[in-house]
Amino acid sequence: MFDFLEGYDLLGAFWVTVQLTVYSAVGSLIWGTLLAGMRVSPVPLMRGFGSAYVNVVRNIPLTIIILFTAMGLADTFGVTMGAADDVKTRVFRLAVLGLVAYHAAFVCEALRSGINTVPVGQAEAARSLGLRFTQVLTLVILPQAFRSVVGPMANVLIALTKNTTVAAVIGVSEAALLMSEMIENEAELLLISAIFAFGFVCLTLPTGLILGWVSKRVAVKR
Amino acid sequence: MNLRKVTAASAVALTLALTATACGGDSDSGSGSGGGGKVTIGIKVDQPGLGQETPDGYKGFDIDVAKYVAKQLGYGESDITWKEAPSKERENLLRRGDVDFIVATYSITDQRKEKVSFAGPYFLAHQDLLIRTKDNIKSGDDLNKKKLCSVTGSTSAQNVKKKFAPDAQLQEYGGYSECLSGLESGAVDALTTDDSILAGYAAQQQYQGKFKLAGLNLSDEHYGIGIKKGDTELQGKINAALKKMVDDGSWEKAVKANFGPANYDFEPAPQITEQG
């Protein structure tokens with residue numbers, strides 16, 4: 001029943017998916033945190049940029065963002081991400097860029113909701129001790145905010161894992177691309193889809209369980 | 001090897017569960033086959049020259065073949081219900097009986113023959129390159145230095161990766177139009193897929209004079225008419241219709257009408273090979 005799997009690098013394809021997920025997760029966590037910082041900052045220009053970015057980017061379909069990185073940035077404007085002669089590396093980096101840009105908006109909003117759980121008195125107390133805004137944010141607010149948003153962040157991470165499949169539209173050789181190759185050759189739509197669905201469940205189910213446990217452990221008891 | 005077996009085995013449980021539910025969910029809403037003097041034909045609706053939806057109905061070589069065959073089977077044009085048959089769903093459409101037959105750049109391969117039967121072939125296409133008019137690619141060896149573009153997961157893209165040019169820079173996109181825009185802007189050097197599909201694009205109004213076929217015959221693709229597995233009666237009838245279409249000259253007329261403007265050096269009608 002499964003002899004048609006011969007000759008396909010199933011694990012290799014899922015490894016690319018994992019790489020895409022990890023790089024994009026780290027990138028969007030950093031960029032999303034910066035955005036969240038901007039959205040709560042006292043500088044109107046930064047607040048404006050933060051909310052404009054979030055509202056624009058999260059409302060554009062991911063497929064369009066990913067396609068834009070390859071067709072717009074790379075093909076038209078010549079942004080090759082340091083890999084002009086290596087299409088494989090280039091599309092991978094472009095896909096990470098697109099995924100980071102998109103998911104940072106969701107990370108930002110999750111984190112901002114976490115910031116809102118920190119009682120305002122703490123920020124006022126920190127201010128009255130003479131801390132600057134960046135110090136208030138990094139020393140007092142964000143550490144507590146992060147602890148309360150592990151659950152929502154797990155949601156974003158799981159969505160990100162599955163959204164890496166969109167990278168197939170610009171030819172990143174991850175799981176979804178192998179799936180379309182296999183369907184093209186083997187005429188086994190249902191079986192092949194089920195195998196890949198199972199593969200993704202294997203990736204995301206442990207993520208959800210582990211982060212759910214972490215979320216309970218680190219939650220700030222108020 | 002072992003690891004693959006483990007992967008395979010662990011997928012069994014889930015798959016069985018999934019297939020079981022899928023069977024239960026089968027509805028009989030899509031009953032299109034046989035009876036009532038109607039015929040449902042699966043086609044592509046987004047490939048210029050072969051099967052494309054236009055304001056005046058469907059147009060293309062596959063459509064002309066489908067109409068001719070339907071006529072020979074005793075159905076008028078008004079009895080035909082067209083149904084889009086995306087590449088991934090062709091086998092399932094036939095198996096469920098949602099369509100009576102499929103004329104949609106459907107290459108005859110051994111793997112597919114395990115699931116469906118074919119009539120024909122009615123056309124012999126080759127994998128080729130579409131390049132800018134001023135460029136030249138003479139032989140397959142030049143490919144390794146070029147930037148190629150093809151559709152994600154397609155047979156043509158896999159051929160490039162595994163057979164002709166493993167060292168070539170292959171950009172895969174979700175559709176041909178993305179590749180065409182890259183070809184136009186110079187981001188890629190060639191778009192590769194079946195020459196019949198390429199000819200259809202080259203013949204489109206907005207691209208006329210810009211692109212040409214390189215004329216490399218990289219592979220043989222025999223387009224067949226997909227039918228339900230083991231339906232030898234229909235297969236015989238369609239084969240007879242195809243033979244008649246070639247003999248009375250309608251075949252050549254249809255090819256010229258649909259691929260004419262592309263200077264496409266098409267192959268003569270292939271011999272019918274698929275028999276019960």
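This is a predicted model, so every value here is computed, not measured.

Colleague: Give a detailed account of the interface of chain A and chain B, specifying residues and quantitative values.
Modeller: With 38 residues of chain A at the contact, the number on the chain B side is 40 residues. Of the roughly 3,300 Å² buried where chain A meets chain B, counting both sides, 59% is carbon and sulfur surface. Counting across the chain A and chain B interface gives two salt bridges. When the shortest N-O distance is used, the salt bridge between A:Glu181 and B:Lys161 registers 2.7 Å. Linking chain A with chain B are eleven residue pairs in polar contact (both at pLDDT 80 or more). At the level of secondary structure, the elements contributing two or more residues to the side of chain A that touches chain B comprise helix H1 (10–39), helix H3 (62–76), helix H4 (87–115), helix H8 (175–186) and helix H9 (189–218) of chain A.

Colleague: Could you give an account of the layout of surface pockets, naming the residues involved and the relevant values?
Modeller: One water molecule sets the probe size; rolling that probe over the atoms shows where empty space is left. The calculated volume of the largest pocket comes to roughly 1,300 Å³. Along the wall of the largest pocket there are 50 residues; nearest its centre are A:Glu184, B:Ser87, B:Gly153, B:Ser154 and B:Thr155. Broken down by element, the residue count for the lining of the largest pocket peaks at seven residues, all from H8(A). Residue composition of the lining of the largest pocket, by class: 14 nonpolar, 23 polar and 13 charged.

Colleague: Report on the nonpolar core, specifying residues and quantitative values.
Modeller: In terms of nonpolar packing, the biggest core is built from 96 residues, with A:Ile170, B:Phe61, B:Phe123 and B:Ile225 touching the most fellow members. No other element matches the 16 residues that H4(A) contributes to this core. Viewed by domain, this core spans two of them, domain 1 (39–124 + 222–262) and domain 2 (126–213) of chain B, each represented by three or more residues.

Colleague: Talk me through the pairing of strand S8 (residues 147–151) of chain B; I want residue IDs and the actual numbers.
Modeller: Residues and elements named next belong to chain B. Of all five residues that make up S8, four are buried, and the element is covered over most of its length. Note that S8 and strand S10 (residues 190–194) share two bridges and pair parallel. Across the sheet, Leu 148 pairs through a bridge with Ala 190, a residue of S10.

Colleague: I'd love a proper account of the UniProt feature "transmembrane region" (unreviewed entry) in chain A, names of residues and values included.
Modeller: Residues and elements named next belong to chain A. Here, the residues flagged by UniProt with the feature "transmembrane region" (unreviewed entry) are residues 12–38, 59–79, 91–108 and 189–214. Along residues 12–38 the backbone is 100% helical and 0% strand, and the end-to-end C-alpha distance reaches 39 Å. Taken end to end, residues 91–108 is 100% helix and 0% strand, and its two terminal C-alpha atoms sit 25 Å from one another.

Reading guide: rules and limits
Residues numbered from 1 in each chain as written. Chains lettered and ligands numbered in written order. Predicted model: local features only at pLDDT ≥ 70, side-chain atom pairs only at ≥ 80, totals over all residues. Heavy atoms only, no water. Contact = heavy atoms within 4.5 Å. Buried area = accessible area lost by both parts, 1.4 Å probe. Salt bridge = Lys/Arg side-chain N within 4 Å of Asp/Glu carboxyl O. Polar contact = N/O pair within 3.5 Å; in protein donor to acceptor, adjacent residues only side chain to side chain. Helix = DSSP H or I, 4+ residues; strand = E, 2+ residues; numbered from the N terminus. 1 Å grid on protein atoms, 1.4 Å probe; cavity = no way out; pocket = protein on both sides within 12 Å on 5 of 7 lines; lining within 4 Å. Points joined across faces, edges and corners; volume = space filled by probe spheres on them. Nonpolar A, V, L, I, M, F, W, Y, C, P; charged D, E, K, R; others polar. Core = buried A, V, L, I, M, F, W, Y, C linked by side-chain atoms within 4.5 Å. Buried < 20%, exposed > 50% of the residue type's maximum accessible area, 1.4 Å probe, protein only. Domains from an automatic or database assignment. Pairing = 2+ DSSP bridges. UniProt positions renumbered as here; feature names shortened; annotations may be inferred.

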